[in-house]
Each structure stands twice: as structure tokens, then as C-alpha cells.
Amino acid sequence: MTAYVFKRLVALIPVLLGLSIIVFAIMALIPGDPALAILGAYATPENVARLNRQLGLDQPLPLQYLTWLGNILTGDFGRSYSLNRPVIDEVLERFQATLVLAGAALVLCTLWGVLAGIVAAVRQYGWADRIVTFIVLVGISIPSFWLGLLLILLFAVELRWLPASGMYSVYGGGDLPDLLRHLVLPAVTLSAVAAGVIARLTRSAMLEVLRQDFIRTARAKGVGERGVVYRHALKAAMVSVVPVIGVQAGFVLSGAVYIETVFQWPGIGRMLVNAISTRDILLVQGGVLVVAASYVLFNLCADVVQHLLDPRVQA
Amino acid sequence: MTSAAGIAPPAEAPPPARSAWRLILRNRLAAAGLVVLASIILLALVTPLLPLHPPNATAPANRLLPPFSDGHLLGTDHLGRDILARLMWGTRLSLAVGISATFIAALIGSVIGILAGYTGGRTDNTMMRGIDMLMAFPYILLALAIVAVLGPGLFNALIAVAIVNIPFFARNIRGATVGIVHREFIDAARLSGKGRLRILAADVLPNVLPVIVITMSTTVGWMILETAGLSFLGLGSQPPQADLGSMLGEGRRLLMNAPHVSYLPGLVIFLIVMSINLLGDGVRDALDPRLRAGALARPAPMTAIDRTDMGTDVAPVDAPLSVDHLTTQFRLGSDTHHAVNEVSLSLGRGECLGVIGESGSGKSVTALSLAALVASPPGVIAGGRVLLHGSDLLSKSARELRKVRGRDVAYIFQDPLSTLHPQFTVGDQLVEAIRAHRHMSRAAAWAEAVRLLDLVRIPNPRGRARAYPHELSGGMRQRVGIAMALANAPEIIVADEPTTALDVTVQAQVLDLMDELRRDRDTAVLFITHDFGVVTQICDRVAVMYAGRIVETGPTRQVLEDPAHPYTRKLIDCVPVLGSGRRRFDAISGLPPAANRLPRGCAFAERCELADAACRAGPIAMHEIAAGRQARCVRPLAGTS
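Keep in mind the model is a prediction, meaning the values are calculated, not measured. (Residues numbered from 1 in each chain as written. Chains lettered and ligands numbered in written order. Predicted model: local features only at pLDDT ≥ 70, side-chain atom pairs only at ≥ 80, totals over all residues. Heavy atoms only, no water.)

1. Describing the overall build of chain B
Scanning chain B from terminus to terminus reveals 23 helices and 13 strands. Over its C-alpha atoms chain B spans a radius of gyration of 34 Å, topping by over 25% the 26 Å that the globule rule assigns to 641 residues. Counting over 641 residues, chain B shows a buried share of 53%. Counting contacts in chain B only where the partners sit at least 6 residues apart, residues at least 24 apart contribute 67% of the total. If you sum the accessible surface of chain B, you get close to 28200 Å²; carbon and sulfur atoms cover 59% of it. One finds the centroid of the 62 positive side-chain charges in chain B at a distance of 5 Å from the centroid of its 53 negative side-chain charges. (Helix = DSSP H or I, 4+ residues; strand = E, 2+ residues; numbered from the N terminus. Rg over C-alpha atoms; globule rule 2.2 N^0.38 Å. Buried < 20%, exposed > 50% of the residue type's maximum accessible area, 1.4 Å probe, protein only. Contact = heavy atoms within 4.5 Å. Areas by Shrake-Rupley, 256 points an atom, 1.4 Å probe, with all protein chains shown as cover. Lys, Arg positive; Asp, Glu negative; His and termini not counted. Charge placed at Lys NZ, Arg CZ, Asp CG, Glu CD.)

In C-alpha cells form, the structure reads like this:
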């Protein structure tokens, strides 16, 4: 087990390097002169040249990349010019908020995705299956940002049960119950799509497994139907569901960009959108890199869980 | 031979286009999707011809009119612009952008995929590594990074969304290309001296085109959603130009006092994507042969029972198990496969009865039918009784039957690698078998499991109990299977080809073990096999099955030495005899009849040299040819006295 995790961690290194190259390459492709962008239209050519030298932009690209990578590895992501603070501080602060939201959404979507999938499989072609199938279809077709707006209209504006936006109340909030109240709507919205995908997959994985020979063996032993479905079939089906939960983490992190905007959640998605509008490239770079790296790590976790579930999987 | 595999219908060729269309239309949801999508596209196409307000004409006096206002059917937005007109023009734009992005991604992705798949080797490796890298990014994030570089704007959003989707196409199309690149027609094209580009365009492309189209249909909905999303964030279309996403984004600020401004564009996006998904699912289902064959249906806890014939009224013979006119069918649509036809047999106390036949003769289905273990759908037990000490197992409920399975009647299956659960240790699986019928603590059951493993002569049973099935050898696994069947000391064991997957020496050991254990415990065994050698070694009596019927039964030695049915004769002749030097038949010429088209008369007539009109005239009854021997033949070879 430890050996497996270690092997996977080593295999991460080229992936992370690849990510960093792509992010660097995209940013290096930006048209126009960054020094000019920083100094403004009235800068003298001498000043531009000096800043370029200071920023290392007169070096060849591979060398620039290595310098940049060295800085990243020591935690120096540069300085955000729009916020006038180190990128790393801003990114980590915002990322915490995103982790709370995305984590809650991921737990939710796994929970009801798997449950709905089981129900649909057990009651295949029955009413429960049809209802689940329909909800799933709505879930994966609905624009999440629109769903968020509808939920705000219903639960915050009409019913006034839950706050419409933010992470904490401006006055008198700040504790855990306050956070949870703010978390409900965005987390539910964010989990919709991923739950649909997981439910579909769980359903088909369960149906696939229920036809396997070892299920017949369990029945031949005299194991009851509950044991057959929830112990034998579910355990086998989860082997193919778990990696998909890992992939869904990517969709949840992506969806967070919209949901954070809709619900004014102070996470990294909203930070990125703002940074793009203000063309704060270093901030975009840092944010993208941190989120992508966390996604890769999450997929690793999913693989480890799969490995734990299925003794046959060898890497 | 496992369960239904022998009589499963042959893999079907993809349906002709017309029947696929019919299937889509029969699927009501898919048809609804098609109608909605076609209407939306049609409306988008004719929008410029309709008498609408100009979409960008502001009229501050008419701002935020509610829906159904005079002259503005869906009301106006914060600048007094007509929402209906903006929706129609926005739909046009969103569709155009989503579809263009799909085509761009399909074009570039397919080129990468075909080149990588066709070239193979290093190029393939490098290209696919790059694609994997792109896929390591959470989806939208990459699009955001690209928009950050190119700057906000609808065209840039289109490019970003297209790039993000390229990996899906590249991967799928590479897979399809690799699948055909070594086929004969490609080799032929290469040998004929065709240029590489011509091969790619004329031979490869047409064959991967379906994959491209399917990938497009599954991604176009996403791409419409994503471009709308980028516009919603203000990174796509810029005012005054408006697609559905940016309308929604603008409307969001008016959520509290004029919600209609935002929910209408969202509703249209939802309708478009939903109809695409409905249609896509319908197409996928229509093209999936497994779904049509019912192969994806969930098997019920017990085989469906729909008996038209309850067997004979004759009081059951005094035997632990007697089977009376058992009939099992597989019903696939309007087609019925007759797997087991009126099979009757009985199993005395401590007796071993061999059931022998070719693949597809119905012997495994007979075995599984005894405890209603045939997968259903499509399996149905259509007649007969299975009497355990006179009480009919087939009239029990699933709950009652559960108590019989494993306690009174236990099974040993063919390939323990697929019939043992891969994720539980063998000890756990034994414990489960024990505790399914006996109230026992886990610890006591575990000790019992170890004892059982020892009984079937597994060395170091204490340690092996903690092993997973894949960690044991084939012979060991089969011993575990035997231990599991013995767990509750059943009166009857049904062994479905338990030695077929093993090599000959291991097979002999396992047979010896089974023979010894059944004699020690006086257990009756129904032994399914296709191997006469196995029958000789272990069975007291034998029943020969052909096309779902028993054609001959009798004491093993008598049947072997002096077979009565021509089929039995040929089956025995097929067994090679070492060192006898006698020339034997290699196989029986011809094929058994298809289980969905059984002849009225003798099913073997077509392959039998002795057959005449009488054989084909009608059903042939089983009749006694000697004491304890029966055959289903009008002119049996033996016992004609």
C-alpha cells in the first residue's frame, strides 16, 4: 500500500511539470508587452526596457520558465498588481473558501448520486428508476448558474429561509452555523451536475455487476437480496464509481467558478474571473496552477481509494 | 459454459439505419427531444424573417415591462429592449457559437486522433501525453486561462471552449483509428501504393466518422452550456451583442425586482441542452445491441416462474430430489429459446448422477433451474416441478427459497475466479455461507471456515483464509468452491462443470476429493459435465442431454458400454482413447438445432444416419429399453429386446 502511494506520488512529478509548462506557455503567449501594461501608456522606452530586464523578460523563454519554476517552488508566485499583495497569499486565502464549497458539494453529490443510482438499479424500469432518470437528466442539462439563481429566488427571496450570498453574515456572523447556512444553496447547486453523472454511472455499474457470476454464487449460498445488493454488488460497483468521483472533482472545481459568482462566494473562481477582467495575469497564473494541482492530487486520492477497494488493481 | 451463455443469441450486427430511426421515434423521450430541438433550430433560422422588435433598440420609457405586456409578449429588460426579440437572436447566437465550437473541436481533435492512431509509435505517444496533460486540468479552468490570454469576447470564448474539448475528440478518434489501422483493407490500400494522405482520407476517415459524429452529439450540449457560462461571467459576448449567457448575466443584477429577465434565457439554454441530451441518449440506446437483447436488465432474486404445465400427477419417487418435466425458456422479445424441455430426473440418497452434453445442450440451465438461479430476465421457468422430498421448490417465494439454497441444495460452479467475489477474502466468503443458515458468532464461523478449508486439503488453511481469490491457484480456488458448498452439510450438491477450468492433473485430484467427500457424507451429487472421462470416474448413473432434452439415461457403465441413442454413441466415439490405436470420429458432423427453432420430431435426426420419416414425424417419448435404462429414440441401438 505504502509502496503504491509512493509510486503514484513519483508519477505525479511529470504531470505537475507538464501542468506548469502549459500554464507558463499560455501566459507567455499573451500578446503585448507586460512591462508596458504595468507602466501604462505614458512610459518611456527606457523605463520599459529597464522593467523588462528586472522582470527577466529579456531572457530566452526556457530560461524564463526555469526561473519562474524555481520561484514557484519556493512559494513565490509574484505580486498581484491589482490587489497589491503577494499572489500566493491571495490564492491560498481564496482557495480555502473554494475548498469548503467544493468539498461540501463533492460530499453531497457522492451521497445522493450513489444513493439515487442504487435505487434506480434496484428498481430498474420501475417508477423510482424513471423519476431518478428524469431528475438526473434535468441535473446534467440545467445550467448551474441558472439553477443557482432559481434557488436564490425560491429560498432566499420568496421563502427567506437561507441567505442569498456570501460566506458569512456581515453582522454578527462568523461562526460555524452561520457558515453552514450560507453553504447550503451554493453547495446544493454545485453538486447537481456531478450528482447526475455519478447516479448514472452507479446505476449502470450496479446493473453490470448484478449480472456477474459471483452474484449468482452469493444467491446460491442463500444470501438474502439485501446482502446481495448492498454487500456484494455495491462493493464491486464502487470500484468503477470511485475514479469517476475523482473526475467529478474537476467538474465541481470548474462549476465553482460560476457558483461563486452567482452566490458571491469569496473563492478562487470569483478571484479568477475578476483577475481576468482586470488582466491581472500573475493572479490568473497562480490560481490556475493551484487549482489544477489540487485536482491532480484529488484524482490520486480517488485512485488510492480504488486500490483499497479492489485488491486486484495493481499499478 | 456458464449459465445462459450457451443459448444467448448471437451478437447482432448494428441495425440498419431505418430501424434505428424507428427505435428513436418509439422512444418517446428521445422523440420529444428531437421535436423540441428541431423547433428551436427552426425558430433560430427564421428569426430574421419574423416581425420582431429590433433586439438592441432601447426604449427607457418601457423598461422592465412584465411578460404579456402590450406589444412585448415577454416584457422588456432594464433598457426597455424587447425580451422576446433578444431571446430569439440570443438563441441564434448561442446555437451558432456552440455548434461552431463543436465543429472546430471535432476537426482539430479528429486530425490529431487520426494522425496519432495511424502513425503509432513515438508520435502517438508524444501527442497523447500532451492530450493527457490538457485533460489533467479541470475543464473550465483551462478555458478561463485561454480567455485570460486572448481577452474577453465571444469569439475568444468560442476558441477557448473548442480547445478545451479537443482532447475528448482526439482520444475517442485515436481509439477508433487504432482499431481499424491493422485491418486488411488498410493493409491492402497501403500495398496498392496509395499515398498516406489518400489512405487517411479515403479509407480511415469514413470508418471513424461514426465515432466523430457520436462524440459531437455528446459534447455539443456541453459546449453550448460552456460558452453560455463564459458569457454569463462577462467573458464571452460583449454588449450590445447578446447571447443567452450574457442575457442571463445581465438579468442576474435584476433578480430581485424583475426575475423574468434572467429566468427566460436560462430556460431556453436548459431546453436546448435537455433536448440534445434526450436525443443523444435515445440514439445511444437505439444503437446499443445489449439493451435490445435485454442483456442490461437486472436479474431478479429468483427465476421468473410462469408455468403452464405442472408436470405429471404421479406421486414423486422416494428420492431426496426429483425433477418432473422441468421446462426453462429464454424469452427475448418475441423470440423464445427453448433451453430445457420437459426434463425429468431423480437423484437418490448419496447418489451421483452425471448430466452430460455438448455446449448449449441445456445441462447448465437445468442445473441452475433447480434452485431458480437462471438469470431472469430473460430466463423463465415455463413448466414442471422440482421436488425436494416431495415439496415443490418452484412454488416457494424468493424468501423461502433463500433458506433452501446453500442449506439443502448447494452449488459448485465452473470457474471460481469469476464465481467467487473478487473483493472479499475466501474466509469471509465461507463465513458468509455459514452464517446465511446458522446462528453462529463471527469468530466461531471463522474457525469453521478454517476447518472447511482444511477438509478440502488446502495447506495452511489459517493463512489461506485471509487470501483473496486471485491470490490462489485455480485448483485451490475450486477447493474453496467445494468447501463453500459443504459449509452447511447439504443433502444435495449441484456441481456445474466444476473441473472444466482446471488442467488434467488438478482435475483428477479435485474429482478424487469430491468423490471421497460425498461418500463420507452420503451427499447426493448432480454432476454437470461434457466429459465422459469425468462421468466414468465419479458418476453412478448418467443422463445424456441434447437440445434441451434428456435423450438417454441409465447406469454409467451400461450406457457407456452399450449406448442406446445414436447421439450417445457418437458422443462416446468422440472421446479419444489413448494407445488404443483405433481410429475414432473427430466430431459429430453438423450442428445442433437452434434453441429458438427446435424441430417437431427428434432434434438429432438431421445429424443421424439412421433417421427416417418416423423420427421427424412428431415428438418422441422417452421409453424404457431395459431395467433402469431409458432412451428417446424410435430405433434405439441397444436393449431392443
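2. Quick word on the packing of helix H12 (residues 281-309) of chain A against helix H5 (residues 139-150) of chain B
Interaxial distance between H12(A) and H5(B) falls to 10 Å at its minimum, and their mutual angle equals 165°. Classed by the angle they form, the pair H12(A) and H5(B) counts as roughly antiparallel. Read as a crossing pair, H12(A) and H5(B) show a hand that is left-handed. Contacts between H12(A) and H5(B) pair Ile281(A), Val284(A), Val288(A), Val291(A) and Ala292(A) from the former with Leu141(B), Ala145(B) and Ala148(B) from the latter. (Axes fitted to C-alpha atoms, helices over the stretch in contact; angles between N-to-C directions. Parallel < 35°, antiparallel > 145°, perpendicular 65-115°, else oblique. Left-handed = near helix turned anticlockwise from the far one by under 90°.)

3. Remarks on the pattern of salt bridges
Residues and elements named next belong to chain B. In this structure the tally under the stated criterion is 38 salt bridges over all chains. When the shortest N-O distance is used, the salt bridge between Arg607 and Glu358 registers 3.6 Å. Of the two residues, Arg607 is situated in the loop between helix H22 (566-573) and helix H23 (613-617) and Glu358 in the loop between strand S4 (352-356) and helix H12 (363-369); the sequence distance between them amounts to 249 residues. For Arg607, a relative accessible area of 6% translates into the label buried. (Salt bridge = Lys/Arg side-chain N within 4 Å of Asp/Glu carboxyl O.)

4. Details of the interface of chain B and chain A
Taken residue by residue, the interface counts 80 residues in chain B and 77 residues in chain A. Carbon and sulfur atoms supply 70% of the area that chain B and chain A bury against each other, a total of about 6800 Å² over both sides. Where chain B packs against chain A, one counts three salt bridges. Between Glu432(B) and Lys221(A) there is a salt bridge whose closest N-O contact spans 3.0 Å. In terms of residue count, the dominant contributor to the side of chain B that touches chain A is helix H10 (residues 260-287) of chain B (12 residues). Within the side of chain B that touches chain A, the residues separate by chemical class into 55 nonpolar, 16 polar and nine charged. (Buried area = accessible area lost by both parts, 1.4 Å probe. Nonpolar A, V, L, I, M, F, W, Y, C, P; charged D, E, K, R; others polar.)

5. So, unusual backbone geometry
Geometrically, the link from Pro239(B) to Pro240(B) is a cis peptide bond, its omega value of 5° lying close to zero. In this structure, Arg160(A) is a non-glycine residue whose phi angle is positive, near 55°. The topology assignment puts Arg160(A) in the loop between helix H7 (144-158) and helix H8 (176-210). For Arg160(A), a relative accessible area of 67% corresponds to the exposed category. Positive phi outside glycine occurs at Asp522(B), with the angle close to 60°. Along the chain, Asp522(B) falls in the loop between helix H19 (504-521) and strand S9 (524-529).

6. Let's talk about the packing of aromatic side chains
With the rule as written, the count across this model stands at 12 aromatic pairs over all chains. Relative to Trp161(A), the ring of Phe155(A) has its centre 5.8 Å away and its plane inclined at 40°; by these criteria the two rings are tilted. By relative accessible area, Phe155(A) is classed as partly exposed at 22%. Taking the relative accessible area as the measure of exposure, Trp161(A) reaches 55% and is therefore exposed. A centroid spacing of 5.2 Å and a plane angle of 65° characterise the contact between Tyr567(B) and Phe604(B), whose relative ring orientation is edge-to-face. A residue pair is termed long-range when its members are at least 10 positions apart, and Tyr567(B) in helix H22 and Phe604(B) in the loop between H22 and H23 qualify at 37 residues. As far as burial versus exposure is concerned, Tyr567(B) and Phe604(B) are alike and both buried. (Phe/Tyr/Trp six-rings, centres within 6.5 Å; stacked < 30°, edge-to-face > 60°.)

7. Let's talk about the sheet that holds strand S7 (residues 409-412) of chain B
Residue and element names in this part refer to chain B. Strand order in the open sheet formed by eight strands is S7-S8-S9-S4-S10-S11-S13-S12, and the pairing between neighbours is mixed. Of all strands in the sheet, those with a lone pairing partner are S7 and strand S12 (623-626), marking the two edges. Each adjacent strand pair in this sheet contributes to an overall mean axis angle of 25°, direction not counted. Of the strand pairs in this sheet, strand S10 (residues 541-546) and strand S11 (residues 549-555) are connected by six bridges, and their pairing is antiparallel. The residue bridging Ala543 from the neighbouring strand is Thr553, located in S11. (Pairing = 2+ DSSP bridges.)

8. Section: the pairing of S10(B)
Residues and elements named next belong to chain B. Across the six residues of S10, five count as buried, placing the element largely inside the fold. With four bridges joining them, S4 and S10 adopt parallel strand pairing. What sits directly across from Leu353, in S10, is Arg541. What sits between the antiparallel neighbours S10 and S11 is a turn of two residues, in which Ala547 has the positive phi angle 50°.

9. Overview of the environment of Asp281(B)
Counting through the fold element by element, Asp281(B) comes out in helix H10. Asp281(B) sits 64 residues away from Ser217(B) along the chain, and the two C-alpha atoms are 9.7 Å apart.

10. Topic: the confidence of the model for chain B
All names here are of chain B. Overall, the predicted model of chain B reaches an average pLDDT of 85, with 91% of residues at or above 70. Across residues 1-16, where pLDDT falls below 50, the model places 26 contacts with residues more than four positions away in sequence or in other chains. Scoring of the predicted complex yields 0.83 for pTM and 0.86 for ipTM. (pLDDT = per-residue confidence, 0-100.)

11. A short note on the packing of helix H11 (residues 268-277) of chain A against H12(A)
Residue and element names in this part refer to chain A. Contact geometry for H11 and H12: axes closest at 9 Å, N-to-C directions at 150°. By the angle between their directions, the pair H11 and H12 is classed as roughly antiparallel. For the crossing formed where H11 meets H12, the hand is left-handed. In contact with Ile268, Met271, Leu272, Ala275 and Ile276 of H11, H12 contributes Leu283, Val284, Gly287, Val288 and Val291. Looking at side-chain class alone, the contact of H11 with H12 contains nine nonpolar, one polar and no charged residues.

12. Digging into H7(A)
Since one α-helical turn is 3.6 residues long, residues separated by three or four positions face the same way. Residues and elements named next belong to chain A. For H7, which comprises 15 residues, the first-to-last C-alpha distance of 20 Å matches the rise-based estimate of 21 Å (1.5 Å per residue) to within 8%. Along its length, H7 shows its largest kink, about 30°, at Ile152. H7 sits mainly inside the fold: 11 of its 15 residues count as buried. Looking at H7, one finds that the buried residues are Ser144, Phe145, Trp146, Leu147, Gly148, Leu149, Leu151, Ile152, Leu153, Ala156 and Val157. Positive phi appears at Arg160, one or two residues downstream of H7, with a value of about 55°. (Expected span 1.5 Å × (residues − 1). Bend = angle between axes of the 7 residues up to and from the residue.)

13. Brief notes about helix H15 (residues 426-435) of chain B
The element H15(B) is largely enclosed, with a buried count of eight among its 10 residues. Taken residue by residue, H15(B) has Val426(B), Gly427(B), Gln429(B), Leu430(B), Val431(B), Glu432(B), Ala433(B) and Ile434(B) as its buried positions. Contacts from the buried residues of H15(B) go to helix H9 (213-221) and helix H10 (225-262) of chain A together with helix H16 (442-455), helix H17 (461-464) and helix H18 (474-486) of chain B.

14. Considerations on a nonpolar patch on the surface
Residue and element names in this part refer to chain A. Taken together, the side chains of Phe6, Val10, Ile13 and Leu17 define a hydrophobic patch exposed on the protein surface, amounting to about 390 Å² of accessible area. Looking at where Leu17 falls in the secondary structure, it is placed in helix H1 (residues 2-28). You can call Leu17 partly exposed: its relative accessible area is 38%. (Patch = residues over 30% accessible without salt bridge, like charges linked within 9 Å, V, L, I, M, F, W, Y side chains within 5 Å.)

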